[in-house]
Amino acid sequence: MAGSVGLDRLTTPFGSAKNVLGGSASYAGLAASLFARPIIVSIIGRDFPKHALEQLTKRADLSGVKRQGKIFRWQGRYEFDLSSAITEKTDLGSLAGFRPELPESAKQAGFLFLANLDPTAQLQTLDRHIKLRGSRPFVMLDTMNFWIERAKPALTKLISRVDLLALNEGEARQFCSEANLITAGRKLLAAGPGHVIVKKGEHGALLFSNEGVFLSPGYPLETVQDPTGAGDSFDGSLIGFAAKKNDVTTKTLRQAMTVASAVASFTTESIGPDRLLSLNQREIAQRTAVLKQMVRL
Ligand code: AMP
C-alpha cells in the first residue's frame, strides 16, 4: 500500500496530543496487519522519531519507505459532534513531489491499496506495480477533499483505473458536485470502479455495485475519543481481509466491510493509534458478531 506516514497534532473535545504517529498508510497498514503483512510505500522525513516508526516496523514491511527531507505533519481538530475533521494545518514536507519506489517484495502482492496521497504519486505507484508484477493487481483507492480541490484531473484519471473506490460521504458529494448520495454513488460507479464504498462515519458505509446497494452499520459506540484514522483503518482492514481470503466478490467485500467497521470503531477509542495498536482478534470477532446481529431481520 502507498500513502502518507507522518506526525499528527490532534485536538478533540476530550483531549489533545502532539507528534503522534499519523498518516493514511500508518493507520491503513496497522489495520491491514491484523489480517495480512502489508508492504508500505511512502516517504518519511530524515528525523522521523524512532518511537513512532517502531510502532510500524513490527507490523509491516517498510522496505518501500524512503527517509528523506522533512516530516509530513498534519494538524486537525474536531468539534463536539466529531463528525468531520477540521484541517488546521498541512505541512506536506517530503510528501510534496514524492515519487514512489516499489521494493522487490511487492512483486508477489496481488492487492494494491492507494491510500490518501497525491494522486500523481498514486498513479505512479499503480503503473510501477503493474510493471513489477507483469500483471494488474486488485486496486483499491481512497482520497480526500485536499486532493479533490487541488488535483481533480489526475484523480479522475485514476478513478477510471481502479477496482474499488472508497471515500467518505462529503468527498463523494464534493467530487460529483451532487447532493444526493445514491446518485453520487451511481455516478462514481459509472466513472470506472466495479465497487464504490461511501463511508458515513458513525453511521456505517454504503457499498455500490452492479448487484445493488449494501449497508454496513457503524458499531454503536459510547466511548469515542478521536475519529482520526477511522476511515484509513476501515480501508486497511477491508483490503487486508480480502487479501487474506484472496477474494474480491461482492459477498466477500460485504463481509470485509462489517469486519472493517468493527476495526474502525476501536481506532476511535483513543487519541492517535494506541487502541488500534493493542487490538486483538477476539475483540474484532466480538464486535463483528454484534454488527451482524444488528442487521438480522
Ligand atoms: P482519516 O482516516 O480520514 O481520519 O485520516 C487521518 C489521517 O490522514 C491523519 O493521520 C493525517 O496524517 C492524514 N492526512 C491528512 N491530510 C492528508 C493529506 N493531504 N494527504 C495524505 N494524508 C493526509
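See above for the structure.
Given the structure is predicted, the values throughout are model-derived calculations rather than measurements.

Visitor: Requested: an account of the site of the ligand, with residues and values cited.
Guide: Close contacts around the ligand come from 17 residues, with S4, D8, G23, G229 and D232 the closest. The backbone of G231 places a nitrogen or oxygen atom 3.3 Å from an oxygen atom of the ligand. Side-chain polar atom of D232 to an oxygen atom of the ligand: 2.7 Å apart, as the coordinates give it. Out of a free accessible area of 510 Å², the ligand has 88% covered by protein chains. Of all elements in the fold, only β5 (72–77), α4 (145–150) and α8 (230–245) reach the threshold of two or more residues within the shell around the ligand. By residue class, the composition of the shell around the ligand is eight nonpolar, seven polar and two charged.

Visitor: Break down the pattern of salt bridges for me, citing the residues and quoting the values.
Guide: The final tally for this structure, using the stated rule, is 16 salt bridges. A salt bridge links R150 to E149, with the shortest nitrogen-to-oxygen separation between them at 3.7 Å. For E149, a relative accessible area of 54% puts it in the exposed group. Residue R275 pairs with E269 through a salt bridge whose shortest N-O separation is 3.8 Å.

Visitor: An account of the sheet that holds strand β11 (residues 205–209) is needed here, citing residue identities and associated values.
Guide: Reading across from one edge, β7-β8-β9-β10-β11-β12 is the order of the six strands in this open sheet, with mixed pairing throughout. Both edges of this open sheet fall to β7 (111–114) and β12 (212–216), since each of them pairs with a single strand only. The average undirected angle you get between the axes of adjacent strands in this sheet is 15 degrees. Note that strand β8 (residues 138–142) and strand β9 (residues 164–168) share three bridges and pair parallel. The residue bridging D142 from the neighbouring strand is A166, located in β9. Packed onto the sheet, helix α6 (residues 169–176) meets β8, β9 and β10 (195–199) and runs at close to 105 degrees relative to β9.

Visitor: Talk me through the environment of R136; I want residue IDs and the actual numbers.
Guide: Residue placement: R136 occurs in the loop between α3 (119–133) and β8. On the basis of relative accessibility, which here comes to 40%, the residue R136 falls in the partly exposed class. For the pair R136 and L112, spaced 24 residues apart in sequence, the C-alpha to C-alpha distance is 9.3 Å. From its side chain, R136 meets the backbone oxygen of R161 in a polar contact 2.3 Å long. Reaching out from R136, the side chain makes a polar contact with the side chain of D163 at a distance of 3.2 Å.

Visitor: Tell me about the sheet that holds strand β1 (residues 6–12), and please be specific about residues and values.
Guide: Sheet strands pair via backbone hydrogen bonds, and the direction of the pair is either parallel or antiparallel. Taken in spatial order, the four strands line up as β2-β1-β5-β6 in an open sheet, and their pairing is mixed. Two strands in the sheet have a free side with no partner beyond their single neighbour: β2 (15–22) and β6 (86–91). Across the sheet, the mean angle from the axis of one strand to that of its neighbour is 15 degrees, orientation sign disregarded. With six bridges connecting them, β1 and β2 associate as antiparallel partners. Along β2, the bridge assignment pairs T11 with S16. The sheet contacts of helix α1 (residues 24–32) involve β1 and β2, and relative to β2 the element is tilted by about 80 degrees.

Visitor: Go over the nonpolar core, please, and point to the residues and values.
Guide: Counting 51 residues, the largest nonpolar core has I40, F48, I197 and L238 as its most contacted members. Tallying contributions element by element places helix α9 (residues 250–267) first for this core, with eight residues. For L238, the residues in contact, after removing those within four places along its chain, are M140, L164, I197, L253, A256, M257 and A260. Counting residues in hydrophobic clusters, the runner-up holds 24 residues, among them V139, A184, L188 and V198.

Visitor: Kindly report on α9, identifying the contributing residues and their values.
Guide: The terminal C-alpha atoms of α9, which comprises 18 residues, lie 25 Å apart, in line with the 26 Å expected from a rise of 1.5 Å per residue. Burial of α9 is extensive: 15 of the 18 residues sit out of reach of the surface.

Visitor: Please give an account of the packing of α3 against helix α5 (residues 152–159) that cites residues and values.
Guide: Running from N to C, α3 and α5 cross one another at 30 degrees; their axes reach a closest spacing of 9 Å. As far as their axial angle goes, α5 and α3 are roughly parallel. In terms of crossing hand, the pair formed by α3 and α5 is left-handed. Judged by residue contacts, P119, T120, Q122, L123 and L126 of α3 engage A154, L155, K157 and L158 from α5. Tallied by class, the residues present in the contact of α3 with α5 amount to six nonpolar, two polar and one charged.

Visitor: Could you give an account of the packing of aromatic side chains, naming the residues involved and the relevant values?
Guide: On inspection of all chains with the given rule, the structure shows four aromatic pairs. Centre to centre, the rings of F14 and F80 are 6.2 Å apart; their planes meet at 50 degrees, and the pair counts as tilted. Residue F14 is found in the loop between β1 and β2, and its partner F80 is found in the loop between β5 and β6; the two are separated by 66 residues along the sequence. Classification of F80 as exposed rests on a relative accessible area of 65%. Between the aromatic rings of F146 and W147, the centroid separation amounts to 4.7 Å while the plane-to-plane angle is 80 degrees, which identifies the pairing as edge-to-face. According to the relative accessible area criterion, F146 is buried, its value standing at 15%. A residue is classified by how much of its surface remains accessible, and W147, at 10% relative accessible area, is buried.

Calculation rules
Residues numbered from 1 in each chain as written. Predicted model: local features only at pLDDT ≥ 70, side-chain atom pairs only at ≥ 80, totals over all residues. Heavy atoms only, no water. Near = heavy atom within 4 Å. Polar contact = N/O pair within 3.5 Å; in protein donor to acceptor, adjacent residues only side chain to side chain. Areas by Shrake-Rupley, 256 points an atom, 1.4 Å probe, with all protein chains shown as cover. Helix = DSSP H or I, 4+ residues; strand = E, 2+ residues; numbered from the N terminus. Nonpolar A, V, L, I, M, F, W, Y, C, P; charged D, E, K, R; others polar. Salt bridge = Lys/Arg side-chain N within 4 Å of Asp/Glu carboxyl O. Buried < 20%, exposed > 50% of the residue type's maximum accessible area, 1.4 Å probe, protein only. Pairing = 2+ DSSP bridges. Axes fitted to C-alpha atoms, helices over the stretch in contact; angles between N-to-C directions. Contact = heavy atoms within 4.5 Å. Core = buried A, V, L, I, M, F, W, Y, C linked by side-chain atoms within 4.5 Å. Expected span 1.5 Å × (residues − 1). Parallel < 35°, antiparallel > 145°, perpendicular 65-115°, else oblique. Left-handed = near helix turned anticlockwise from the far one by under 90°. Phe/Tyr/Trp six-rings, centres within 6.5 Å; stacked < 30°, edge-to-face > 60°.

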